[in-house]
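Chain by chain, the residues run as shown.
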Amino acid sequence: MIHLTQGQPYLVQLMGQEAVNWLNANQYQELRVEHIPEIIPAVLERGNAYFRELWQLTLDESQRELILKILDGSLNSEGLSGNDRSILRRLERKGLVAARSLSLQVPLVQHYIERETGSGELSEQTI
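A brief look at the structure comes next. (Residues numbered from 1 in each chain as written. Predicted model: local features only at pLDDT ≥ 70, side-chain atom pairs only at ≥ 80, totals over all residues. Heavy atoms only, no water.)

With that settled, consider the packing of helix H4 (residues 48-58) against helix H5 (residues 61-72). Axis separation between H4 and H5 bottoms out at 8 Å; the angle between their running directions is 115°. Each of Trp55, Gln56 and Thr58 in H4 lies in contact with H5, whose residues at this interface are Gln63, Arg64, Ile67 and Leu68. Residue composition of the contact of H4 with H5, grouped by class: three nonpolar, three polar and one charged. (Axes fitted to C-alpha atoms, helices over the stretch in contact; angles between N-to-C directions. Helix = DSSP H or I, 4+ residues; strand = E, 2+ residues; numbered from the N terminus. Contact = heavy atoms within 4.5 Å. Nonpolar A, V, L, I, M, F, W, Y, C, P; charged D, E, K, R; others polar.)

Our focus in this paragraph is the packing of aromatic side chains. If you walk through the whole model with that rule in mind, you get four aromatic pairs. Ring centres of Tyr10 and Tyr50 lie 5.1 Å apart, and the angle between their planes is 45°; on these two criteria the pair is classed as tilted. Of this pair, Tyr10 sits in helix H2 (residues 9-26) while Tyr50 sits in helix H4, placing them 40 residues apart in sequence. By relative accessible area, Tyr10 is classed as partly exposed at 37%. Taking relative accessible area as the criterion, Tyr50 reaches 28% and is therefore assigned partly exposed. Ring centres of Phe51 and Tyr112 lie 5.2 Å apart, and the angle between their planes is 15°; on these two criteria the pair is classed as stacked. On the criterion of sequence distance, the pair formed by Phe51 in helix H4 and Tyr112 in helix H7 (residues 107-117) is long-range, its members being 61 residues apart. Judged by its relative accessible area of 0%, Phe51 falls in the buried class. (Phe/Tyr/Trp six-rings, centres within 6.5 Å; stacked < 30°, edge-to-face > 60°. Buried < 20%, exposed > 50% of the residue type's maximum accessible area, 1.4 Å probe, protein only.)

Here is the structure:
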């Protein structure tokens, strides 16, 4: 859970709440790593307002476009324009992107973006 949330308090609480709900609904006593993909859809649904605000209101169009390029693999560090570098720095300051690796810092946010934009599916790399 810490990996998926990167320790962001609201996201940790949200994951914990949905984990308990899932455990109770499925009559399990403990949560295992293999259960995590099963709770992610509920987390994204319950946290929809948070994720939507982040994606649609906190980020401007140029930032969203750059994130989508990161997710589809069409952005590489050698071909970055000055403007792209500036956008990356802003996204890094917001705690969303790791500029060196050209990846999203919070896998749960990545799951939301991929779900909303159809740019990917839940993958082992981000779980």
